[in-house]
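# Examining the three-dimensional arrangement
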Amino acid sequence: MPGERLVCAAPAYWNARGRPAHPGELTQHNCLVLARPGAPLAAWTFRDGDRSFNVKVSGDREASDGSVLREWAVNGTGVIFKNRQDIRHELAAGALEVVLGNYVAGPIDLFAVFPGGAPSRRVAALVDFLAAALQSPAA
């Protein structure tokens, strides 16, 4: 399922700290970083035309759980870089606002992975159901 990552924060955060006009300005913001074993994911990738580039971000918090990052952002703590699917409800409710939309770094797709050959009819039906549910605005 196709997806994209977005830079976003609560409206109160943007109003207090200002909205960046270029990804490089994120170094002046409190970016909430996803922690992974061995190293945090603190290099956020962007695209400017045909050119791809990274911005090394930092902040006062990191977490290994994306839902924790989302809650911190909704509460006005800082900026997150999340898949649109993960924050669609918060975007629709106005709890998070996107910036730097012209610099989206290409697709971040979601895959269903299962072992061995062709899936059974039950597994295929489940994957179809999940894909439809994730694409639904009411999901």
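Let us look at the structure shown here. (Residues numbered from 1 in each chain as written. Predicted model: local features only at pLDDT ≥ 70, side-chain atom pairs only at ≥ 80, totals over all residues. Heavy atoms only, no water.)

## So, the pairing of strand 4 (residues 43-48)
We count it as follows: Criterion used throughout: strands pair if DSSP finds at least two bridges between them. Secondary structure elements follow DSSP: runs of H or I of four or more residues count as helices, runs of E of two or more count as strands, with numbering from the N terminus.
Across 6 bridges, strand 4 lies against strand 5 (residues 51-56) in antiparallel orientation. Pairing of Phe-46 across the sheet is with Phe-53, part of strand 5. Counting the residues between successive antiparallel strands, the hairpin from strand 4 to strand 5 contains 2 residues, one of them, Gly-49, with a positive phi of roughly 65°.

## With respect to the packing of aromatic side chains
Filter applied, for reference: For Phe, Tyr and Trp, where Trp contributes only its six-membered ring, two rings pair if their centres lie within 6.5 Å, and the inter-plane angle classes them as stacked under 30 degrees, edge-to-face over 60, or tilted in between. Burial status follows relative accessibility: with a 1.4 Å probe on protein chains alone, a residue under 20% of its type maximum counts as buried, one over 50% as exposed, and anything between as partly exposed. Look at NZ for Lys and CZ for Arg. If either is within 6 Å of the ring centre and within 35 degrees of the ring normal, a charge sits over the ring.
In total, this model carries 4 aromatic pairs according to the counting rule given. Measuring from centroid to centroid gives 5.5 Å for Tyr-13 and Trp-14, while their planes differ by 75°, and the two rings are edge-to-face. Take Tyr-13 and Trp-14: they sit in the same class, and that class is buried. Relative to Phe-81, the ring of Phe-46 lies with its centre 5.3 Å away and its plane at 35°, an arrangement referred to as tilted. Of this pair, Phe-46 sits in strand 4 while Phe-81 sits in strand 7 (residues 80-83), and the two are 35 residues apart along the sequence. Both residues of the pair, Phe-46 and Phe-81, count as buried. Feature note: the residues Trp-44, Phe-46, Phe-53 and Phe-81 constitute an aromatic cluster, connected by ring pairs. The ring centre of Trp-72 lies 5.2 Å from the NZ or CZ of Arg-61, which sits over that ring.

## Brief notes about the nonpolar core
We apply this condition: Here the nonpolar core consists of buried residues drawn from Ala, Val, Leu, Ile, Met, Phe, Trp, Tyr and Cys, with membership extended through side-chain atoms lying within 4.5 Å. Contact definition: two residues touch when any of their heavy atoms are within 4.5 Å.
Among the nonpolar cores identified, the biggest contains 18 residues, and Val-7, Leu-26, Trp-44, Phe-46, Val-57 and Val-79 are the most heavily contacted of them. Counting only elements with at least two residues in this core, the list comes to strand 1 (5-9), helix 1 (11-17), strand 4 and strand 5. Not counting the four nearest positions on each side in its chain, Val-79 is found in contact with Val-7, Cys-8, Ala-9, Tyr-13, Trp-14, Leu-26, His-29, Asn-30, Cys-31, Leu-32 and Trp-44. By size, the runner-up hydrophobic cluster in this structure holds 9 residues, among which are Leu-32, Ala-63, Leu-69 and Ile-80.

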